[in-house]
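Here's the letter readout for the chains.
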Amino acid sequence: MRPCSSVMHLLLRCLRGCGRHSRSRMPRRLRQPVSYIKLIFKSLYFNSLTNSEVVLDCVLEPVFWMVEVVTRWFGMVFVFLVVALTSSVVFIAYFCLLPLVLYTYSPVWMMWHICYGHWNLVMIVFHYYKATNTPPGYPPKIKNDVPFVSFCKKCVIPKPARSHHCGICKTCILKMDHHCPWLNNCVGHYNHRYFFSFCLYLTLGCMYCSISGRYLFIDAYNAIDQFRHMEAEKQGVPVTGIGLLIGIVPSEGVAGKGVQEVSQPPYTYKDRMFHKSVIYMWVLTSTVAVALGALTLWHAVLITRGETSIERHINGKEAKRLAKRGRVYRNPFSYGKLNNWKVFFGVEKRSHWLTRVLLPSGHSPYGDGLTWDIYPLKKDMMPV
């Protein structure tokens, strides 16, 4: 911090000296830009609390602005991609794989694939729709008696606990986790459960397609590879050992040497499209299962700890600060590992694990997102 301080003071002195000596000689058109540059340098070192992180945020502000603009304008494009890719997999499953299941599988496996596949699809569609169309929750913009912990300089309103400003939505969000471009919406207090459930069930669906279709993928890949070899053999037979004359001899040239052609079954356009569709579905679902599975696992860890993605960063810095003083930081919004999950899913009794977790449910989360005294005594108040 000291080298940064000395450099800033030297720059201010140079600008101040240049301003004194050249104020009378400076054209009027340049006086306003130079004054503006001076103001920028002074704002970078406005008080003693400014450090390298604040300076870095100011330097990267144009980059943040560009990311916010791109995310805001391309939000509907990301939503369209989610709908299109999911619909393509469902189309392949219905028109390519379902007839195969009905003709080749036993009745027990047939019922398992039909029931599980449709249940998983319903859960994905329901939670994605709710996550994109449910507002995350906003602090009140009128005067009220709600306790607040800070003040938003952009919205010019008090911010309750766990609220943060979203530069893309241009407003403060209750219990903000992050702005998700794939939802074109912020993930906050009222749609956090829908977002996590969508990620969870989409990961399970991709894993289901990847595991159950692995043998179909291998067969389709081998069929396409075999067809390519068949096409190469039809064009001719490679000839070697004739010096510079290395090329392709038509198959009719060797037909008289006792080589008998074996008729192959026709490889139709329908077969080709079927195999390519299976490969496309398996590659897409396997990739999404790995990538989205890692994201879902990370959010599961955050839910277990009772914190959001933003709070994870804040709590980490606070824990390091208190560790230097020999103290231990405890998250005030954590009610225990199991209780954190029950608060998150809204489980009040045992039957809710079925009706509110394993089945579509539009119930509201606990509280209003303004206060967080759910467990005043920090003990389990809901039986599992």
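It should be emphasised that the depicted structure is a prediction, and the values quoted were computed from it without experimental measurement.

What counts and how
- Residues numbered from 1 in each chain as written.
- Predicted model: local features only at pLDDT ≥ 70, side-chain atom pairs only at ≥ 80, totals over all residues.
- Heavy atoms only, no water.
- Helix = DSSP H or I, 4+ residues; strand = E, 2+ residues; numbered from the N terminus.
- Buried < 20%, exposed > 50% of the residue type's maximum accessible area, 1.4 Å probe, protein only.
- Core = buried A, V, L, I, M, F, W, Y, C linked by side-chain atoms within 4.5 Å.
- Patch = residues over 30% accessible without salt bridge, like charges linked within 9 Å, V, L, I, M, F, W, Y side chains within 5 Å.
- Areas by Shrake-Rupley, 256 points an atom, 1.4 Å probe, with all protein chains shown as cover.
- Salt bridge = Lys/Arg side-chain N within 4 Å of Asp/Glu carboxyl O.
- Polar contact = N/O pair within 3.5 Å; in protein donor to acceptor, adjacent residues only side chain to side chain.
- Axes fitted to C-alpha atoms, helices over the stretch in contact; angles between N-to-C directions.
- Parallel < 35°, antiparallel > 145°, perpendicular 65-115°, else oblique.
- Left-handed = near helix turned anticlockwise from the far one by under 90°.
- Contact = heavy atoms within 4.5 Å.
- Phe/Tyr/Trp six-rings, centres within 6.5 Å; stacked < 30°, edge-to-face > 60°.
- Nonpolar A, V, L, I, M, F, W, Y, C, P; charged D, E, K, R; others polar.
- UniProt positions renumbered as here; feature names shortened; annotations may be inferred.
- Expected span 1.5 Å × (residues − 1).
- Bend = angle between axes of the 7 residues up to and from the residue.

### Looking at the overall build of the chain
Part 1: Regarding its fold elements, the chain presents 12 helices and 8 strands.
Part 2: Here the chain holds 384 residues, and the buried ones make up 34% of them.

### A word on the nonpolar core
Part 1: Counting residues in hydrophobic clusters, the biggest one holds 26 residues, and the most contacted among them are Leu 183, Phe 196, Phe 198 and Phe 345.
Part 2: Looking at this core, the elements that each hand over two or more residues are helix 5 (75–104), helix 6 (107–133), helix 7 (192–212), helix 9 (269–305) and helix 11 (337–345).
Part 3: It is helix 7 that contributes the most residues to this core, 8 residues altogether.
Part 4: Judged by nonpolar contacts, the second largest core, of 16 residues, contains Val 89, Cys 96, Phe 217 and Ile 279.

### Re a nonpolar patch on the surface
Part 1: Nonpolar side chains collect at one region of the surface, where Trp 65, Met 66, Val 70, Trp 73, Phe 74, Val 77, Phe 80, Leu 81, Leu 85, Trp 182 and Tyr 280 lie side by side and expose about 1,200 Å² of accessible area between them.
Part 2: Counting residues per element, the ones that place at least two in the nonpolar patch are helix 4 (61–73) and helix 5.
Part 3: Relative to the assigned elements, Trp 65 resides in helix 4.

### Thoughts on the side chain of Asn 339
Part 1: You can see Asn 339 is positioned in helix 11.
Part 2: Within polar-contact distance, the side chain of Asn 339 engages the backbone oxygen of Tyr 335 at 3.1 Å.

### Section: the packing of helix 5 against helix 9
Packed helices, taken two at a time, are described by the angle their axes make and the gap between the axes.
Part 1: Two elements in contact, helix 5 and helix 9, have axes separated by 10 Å at closest approach and are oriented at 135°. When the interaxial angle is binned, helix 5 and helix 9 end up oblique. The two elements helix 5 and helix 9 meet at a crossing, and its hand is left-handed. Residues Leu 85, Ser 88, Val 89, Ile 92, Cys 96 and Leu 97 of helix 5 touch helix 9, and the partners they reach there are Phe 274, Ser 277, Val 278, Tyr 280, Met 281, Leu 284 and Thr 285.

### Quick notes on the packing of aromatic side chains
Part 1: Taken as a whole and assessed by the stated rule, the structure comprises 17 aromatic pairs.
Part 2: Relative to Tyr 201, the ring of Trp 119 lies with its centre 5.4 Å away and its plane at 90°, an arrangement referred to as edge-to-face. Of this pair, Trp 119 sits in helix 6 while Tyr 201 sits in helix 7, and the two are 82 residues apart along the sequence.
Part 3: Accessibility expressed as a relative area gives 25% for Trp 119, which makes it partly exposed.
Part 4: Under the relative-accessibility criterion, Tyr 201 is labelled buried at 3%.
Part 5: Between Phe 126 and Tyr 194, the aromatic rings sit 6.4 Å apart at their centres with planes inclined by 80°, giving edge-to-face as the arrangement.

### Digging into the packing of helix 7 against helix 9
Part 1: Closest axis-to-axis distance for the helix 7/helix 9 pair is 8 Å, and the angle between their directions is 140°. Considering only the axes of helix 7 and helix 9, their crossing is left-handed. On the side of helix 7, the interface is formed by His 192, Phe 195, Phe 196, Cys 199, Leu 200, Leu 202, Thr 203, Cys 206, Met 207, Cys 209 and Ser 210, while helix 9 contributes Trp 282, Thr 285, Ser 286, Val 288, Ala 289, Leu 292, Gly 293, Thr 296, His 299, Ala 300 and Ile 303.
Part 2: A class-by-class count of the residues in the contact of helix 7 with helix 9 yields 14 nonpolar, 8 polar and no charged.

### Overview of unusual backbone geometry
Part 1: Even without being glycine, Val 156 reaches a positive phi, approximately 60°.
Part 2: Mapped onto the elements, Val 156 comes out in the loop between strand 1 (150–152) and strand 2 (157–159).
Part 3: Residue classification places Val 156 among the exposed positions, given a relative accessible area of 55%.
Part 4: Not every positive phi belongs to a glycine, and Arg 162 is a case in point at roughly 75°.
Part 5: Positionally, Arg 162 belongs in the loop between strand 2 and strand 3 (164–166).
Part 6: With relative accessibility at 9%, the residue Arg 162 sits in the buried group.

### Points about the environment of Pro 158
Part 1: Mapped onto the secondary structure, Pro 158 falls in strand 2.
Part 2: Owing to a relative accessible area of 35%, Pro 158 belongs among the partly exposed residues under this scheme.
Part 3: Apart from the residues within four sequence positions on either side, Pro 158 is in contact with Pro 139, Phe 148, Ser 150 and Phe 151.

### Quick look at the UniProt feature "transmembrane region" (unreviewed entry) in the chain
Part 1: When the UniProt feature table is mapped onto this chain numbering, "transmembrane region" (unreviewed entry) sits at residues 73–97, 109–129, 194–217 and 279–303.
Part 2: Annotation note: span residues 109–129, helix share 100%, strand share 0%, distance between end C-alpha atoms 30 Å.
Part 3: Between the end C-alpha atoms of residues 279–303 there is a gap of 35 Å, over a span that is 100% helix and 0% strand.

### Here we look at helix 5
Part 1: End to end, helix 5 covers 42 Å across 30 residues, agreeing with the expected 44 Å (1.5 Å per residue, within 8%).
Part 2: The axis of helix 5 is deflected most strongly, by about 45°, at Leu 97, and proline Pro 99 appears within four residues downstream.
Part 3: Buried within helix 5 we find Gly 75, Val 79, Val 82, Ser 88, Val 89, Ile 92, Cys 96, Leu 97 and Val 101.

### As for the pattern of salt bridges
Close approach of charged atoms allows side chains of opposite charge to pair.
Part 1: Going through the model one piece at a time under the given rule, you end up with 3 salt bridges.
Part 2: Residue Arg 162 is joined to Glu 311 by a salt bridge in which the shortest nitrogen-to-oxygen separation is 2.7 Å. You can see Arg 162 sitting in the loop between strand 2 and strand 3 and its partner Glu 311 sitting in helix 10 (residues 309–324), a full 149 residues away along the chain. There is no split in this pair, since Arg 162 and Glu 311 are both buried.

### What to know about the environment of Thr 268
Part 1: Along the polypeptide, Thr 268 turns up in the loop between strand 8 (248–249) and helix 9.
Part 2: Within the local environment of Thr 268, its side chain forms a polar contact with the side chain of Asp 271, the two groups lying 3.0 Å apart.

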